[in-house]
2 protein chains.
Amino acid sequence: MSNSLVQVFNAQSVAVVGASSNSEKTGHTVLKNIVDGGFEGDIYPINPKADTILDLKCYQSLKDIPGAVDLVVIIVPAALVPQVMEEAGAKGAKGAVIISGGFRETGNEELEAEVVKITKQYQIRTIGPNCQGFNYTPNKLCASWPLIKGEGPVAIISQSGTVGATLEMWAESESIGISGFVSLGNKSDVSEIDLIEFFAADPNTKVVSLYIEGVKDGTAFKETVKKAGDTPIVILKPGRTKKGRKAAESHTKSIAGSDQIFDAVCKQLGIIRANDITELYDYSKSLGFLKKPRGRSMLVITSSGGSGIIATDVAEANGINVVDLNEELKKELVDVLPDHCVVANPLDLTGDATAERYKTTVEIAAKDDSIDFFLVIFGDPIPRAFDIVQELKQQTRKEIVVCYLGGGETEKEEVQKMHQHGIPAFPTPERAVKAVKALLNTKG
Amino acid sequence: MSNSLVQVFNAQSVAVVGASSNSEKTGHTVLKNIVDGGFEGDIYPINPKADTILDLKCYQSLKDIPGAVDLVVIIVPAALVPQVMEEAGAKGAKGAVIISGGFRETGNEELEAEVVKITKQYQIRTIGPNCQGFNYTPNKLCASWPLIKGEGPVAIISQSGTVGATLEMWAESESIGISGFVSLGNKSDVSEIDLIEFFAADPNTKVVSLYIEGVKDGTAFKETVKKAGDTPIVILKPGRTKKGRKAAESHTKSIAGSDQIFDAVCKQLGIIRANDITELYDYSKSLGFLKKPRGRSMLVITSSGGSGIIATDVAEANGINVVDLNEELKKELVDVLPDHCVVANPLDLTGDATAERYKTTVEIAAKDDSIDFFLVIFGDPIPRAFDIVQELKQQTRKEIVVCYLGGGETEKEEVQKMHQHGIPAFPTPERAVKAVKALLNTKG
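Only a predicted model underlies this, so the values are computations on that prediction, with no experimental measurement involved.

Reading the values: the criteria
- Residues numbered from 1 in each chain as written.
- Chains lettered and ligands numbered in written order.
- Predicted model: local features only at pLDDT ≥ 70, side-chain atom pairs only at ≥ 80, totals over all residues.
- Heavy atoms only, no water.
- Helix = DSSP H or I, 4+ residues; strand = E, 2+ residues; numbered from the N terminus.
- Rg over C-alpha atoms; globule rule 2.2 N^0.38 Å.
- Buried < 20%, exposed > 50% of the residue type's maximum accessible area, 1.4 Å probe, protein only.
- Contact = heavy atoms within 4.5 Å.
- Areas by Shrake-Rupley, 256 points an atom, 1.4 Å probe, with all protein chains shown as cover.
- Least-squares fit on C-alpha atoms with pLDDT ≥ 70 in both.
- Pairing = 2+ DSSP bridges.
- Axes fitted to C-alpha atoms, helices over the stretch in contact; angles between N-to-C directions.
- Right-handed = clockwise from strand over helix to strand, strands pointing away.
- Polar contact = N/O pair within 3.5 Å; in protein donor to acceptor, adjacent residues only side chain to side chain.

## Concerning the overall build of chain A
Here comes step 1: Helix and strand counts for chain A stand at 16 helices and 20 strands.
Here comes step 2: The C-alpha atoms of chain A give 25 Å as radius of gyration, which agrees with the globular expectation for 444 residues (22 Å, within 12%).
Here comes step 3: Its C-alpha atoms put chain A at 80 × 50 × 35 Å along the principal axes.
Here comes step 4: The buried share of chain A, reckoned over its 444 residues, is 63%.
Here comes step 5: Taking contacts inside chain A between residues at least 6 apart in sequence as the whole, the part at least 24 apart equals 73%.
Here comes step 6: Split by element, the accessible area of chain A, about 16,600 Å² in all, is 48% carbon and sulfur.

## Remarks on the environment of Val81(A)
Residue and element names in this part refer to chain A.
Here comes step 1: Inspection of the secondary structure assignment puts Val-81 in helix α3 (residues 81-90).
Here comes step 2: What makes Val-81 buried here is its relative accessible area of 0%.
Here comes step 3: In this structure the C-alpha to C-alpha distance between Val-81 and Gly-218, which are 137 residues apart in sequence, comes to 30 Å.
Here comes step 4: Discounting residues that sit within four places of it in the chain, Val-81 has contacts with Ile-74, Val-76, Ile-98, Ser-100, Phe-103 and Val-115.

## Remarks on the relation of the copies chain B and chain A
Each copy of the chain is related to the other by a rotation around an axis and a translation along that axis.
Here comes step 1: Screw-axis analysis of chain B against chain A gives a translation of 0.0 Å along the axis, an RMSD of 0.0 Å, and a rotation angle of 180°. Within this description, the copies of the chain are treated as partners about a two-fold rotation axis. No C-alpha of chain B lies nearer the rotation axis than that of Thr278(B), which sits 5.5 Å from it.
Here comes step 2: When the interface residues of chain B are mapped onto chain A, 100% of them are again interface residues, pointing to one common binding face.

## Side note on the sheet that holds strand β1 (residues 13-17) of chain B
All names here are of chain B.
Here comes step 1: Here we have five strands laid out as an open sheet, ordered β2-β1-β5-β6-β7, and parallel in their pairing. Either end of the sheet is taken by a strand with one partner, and the two such strands are β2 (42-46) and β7 (125-127). Shown here is a sheet whose adjacent strand axes are inclined to one another by a mean of 15°, direction ignored.
Here comes step 2: Direction of pairing for strand β5 (residues 71-74) relative to strand β6 (residues 95-98): parallel, over a ladder of four bridges.

## Topic: the pairing of strand β5 (residues 71-74) of chain A
All names here are of chain A.
Here comes step 1: Residues Leu-71 and Val-73 of β5 are buried on one face, and the alternating residues Val-72 and Ile-74, pointing to the opposite face, are buried as well.
Here comes step 2: Here strand β1 (residues 13-17) pairs with β5 via four bridges, running parallel. Within β5, the residue paired with Val-16 across the bridge is Val-73.
Here comes step 3: Handedness of the crossover joining β5 and strand β6 (residues 95-98) through α3: right-handed.

## Examining the side chain of Thr442(B)
All names here are of chain B.
Here comes step 1: Position of Thr-442 among the secondary structure elements: in the segment after α16 (429-440).
Here comes step 2: With a relative accessible area of 10%, Thr-442 lands in the buried category.
Here comes step 3: Among residues more than four places away in sequence, those in contact with Thr-442 are Pro-232, Ile-272, Leu-287 and Lys-292.

## Here we look at the side chain of Ser158(B)
Residues and elements named next belong to chain B.
Here comes step 1: With respect to the helices and strands, the residue Ser-158 is situated in strand β10 (residues 151-158).
Here comes step 2: Under the relative-accessibility criterion, Ser-158 is labelled buried at 0%.
Here comes step 3: Side-chain polar atoms of Ser-158 contact the backbone nitrogen of Gly-164, separated by 3.5 Å.
Here comes step 4: Discounting residues that sit within four places of it in the chain, Ser-158 has contacts with Val-163, Gly-164, Phe-181, Val-182, Ser-183, Leu-184 and Tyr-211.

## A few points about unusual backbone geometry
Here comes step 1: In this structure, Pro346(A) follows Asn345(A) across a cis peptide bond, with omega equal to 5°.
Here comes step 2: Relative to the elements of secondary structure, Pro346(A) occurs in the loop between α12 (327-336) and β17 (347-348).
Here comes step 3: The backbone phi angle of Gln123(A) is positive, close to 50°, even though this residue is not glycine.
Here comes step 4: We note that Ser175(B) has phi near 60°; this positive angle belongs to a residue other than glycine.

## Examining α3(A)
Residue and element names in this part refer to chain A.
Here comes step 1: The buried fraction of α3 amounts to seven of the ten residues, a majority that puts the element mostly inside the structure.
Here comes step 2: Inspection of α3 places Val-81, Pro-82, Val-84, Met-85, Glu-87, Ala-88 and Gly-89 among the buried residues, and these make up the whole buried set.
Here comes step 3: Buried residues along α3 sit against β1, β5, β6, α4 (109-122) and β7 (125-127).
Here comes step 4: Looking one or two residues beyond α3, the residue adopting positive phi is Gly-92, at roughly 80°.

## Things to note about the sheet that holds β7(A)
All names here are of chain A.
Here comes step 1: Ordered by their spatial adjacency, five strands build an open sheet running β2-β1-β5-β6-β7, and the pairing between neighbours is parallel. Two strands close off the open sheet at either side, each with one partner strand: β2 (42-46) and β7. For this sheet, the mean angle separating the axes of adjacent strands, direction not counted, is 15°.
Here comes step 2: Of the strand pairs in this sheet, β1 and β2 are connected by five bridges, and their pairing is parallel. Considered in β2, the bridge of Val-17 is made with Ile-46.

What follows is the structure in structure tokens.
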């Protein structure tokens, strides 16, 4: 099944049915995002009332397009969708994205069934209806919104367009990037199961991150996750409370199912379960960039004593070992660090720590074999923070997680550089430590 | 005791002993921040080797200053501090801020005792040593770093300069502002107890937010909190685990104490306990802007179905009631909203929600008496989001909390406007709901 999705995500020609010249319409936004995203294949706007949109020649209908059409993006009133799907089938389209709403979610089950029938008849892989499209950055194909261009390790699959878009925007602003984003909508054909299969096999994807409100087919879901091998999967699924479950069921008209059972399945299959949107993002970041550390012993290097204490507390509460420094390492550090530094774990370089002091420390610490991974905390705007962690990375094969407190321009730029080089950085020690915990809980 | 702090925070003349013309030195940064912060009183840099710094006339020592000096900020080597304090006493200074380190925290207990003796002899209220100074925005007096100028309802008291500065920077970037920031340092004289007393009585402060690693005097602490009356107090205190406690004790050379006892004291006194830096910030925001709602019934108005479900789940898990809509309200809403909206709680206006649809909804919902407070979720960049919540605010006396997902420029600007008008906005539904929970747990 997933092979067919490979052709959809790597489409070489796209038609946008319902393309609009009105910049407030979705039919405009999506066409513009495909164009501005840099898609290198053929783009065909379909609108019987326009000659050109965004300088592209418009066609009356799919059948008027001279060449082949791999993917059809549909943004027309629900009642017109079956006819467009018929034309897409006749045209030999491999995939369709139905952004239009007005199907099962509003009680129009028959109309959706009609679309599903056409989908099957022509073997068109169909995303939606009632969705926010998809974005696959390796093919520069953003048939969705917002326009996100940065390539990265995270594939986002979301039953909520807004939650998915928020994750995309965070990833973009922090220079993490995404491999893909798919808005599930009504899952009339393509579901989370097909997408986990596709992204687990996708060489551009390192972690699959899902926001889902229910699973379509429990058995198939379990089989697919098992086959996903070492690709980590993170899931945020609400419906832990009775009212939350009721709200989920009314949103997607599907069965949210028992939360206990879902939780047990996650544990059994090594799925990392996020408790909130922030965790979903943070875990995706650490799983997208890092390998599972060989053990649970962490060294905290910090310029902020308080942040080191907070990190220690959260680590210990989460089964991460803030190991005592071995005597040799301690001795070496005492010899080179100023007297007011606290040579312990957390290793407190104190508020006047310079880039040089950090560098001296990481050079020595990198050699110590009792440490499995590093948490480096920057407490003040150190403009060379990226250089410091990059140097540590070059000297050790162990994983490095960064916490950069503050939030000013320097921090933002340094964090972006770290992400561009595969080092995850978090705004608080708590978030950094919990992201490592997620890493330790993976199957790998 | 706190009366004496009123004079310190409202000082009309400040001397910076150890002022430097080298922009990399703390003695430069602090002087510059006092100047750039717009302090309207007299500023005296003290540096025997300079004629002027930042265009201000330099003095050889405190005794050479012609006028009175209310506050002395000290950034000189530890060994010189007693002499400076003697001069400050002779000059009649009411307060001192000793930023210099090298006292009790590095084993120099005697030196610190000497300073304390002078402090008591001259009745100088002294903050520090080994601290990051203080900032009191109503007096435009930033004897600290970073320079934060925005006035707001939150007073930050922190045993970690970095944690405190991070909170300040977040508050600044979101246009929340602060009333004050005090870095506790070694607490040789002024402690969290004096500061809770001062800020609870300060008309510019609506919430007192603390990061502390230990309490100096348990009995006095309890008495002070009791006297703080309705001013809410939020505390982040690590040391929940054995290693966290050990690290805290080595950082501040004080006793972190039993976490269970501290927790019980918090519950007894109505102190809101934050579990991490993010919660400390979020709770400060809601407590700084809002009153305690009269009850636990929340209406969620959203354009994002998924976010509404997440909010419902977190609310229910935290004892907040996502009430069923009463029949009259339901009927009124069904009449005016498009068919595809979900008229329930969460009230899902769906992804195509316009500002008009939100406005129609809030106008009707504002009248309903079964609702105690509102959570308004914006899932897409709606440029008039602020107008919508402002309109709701004008039509109801009930509290309003906003969640604005995304993270683009539009969201940022709208959120800033909301904060400037006292409406707290959070980046995820989970954080918004938890911030309301903190509000419901206050004494008020």
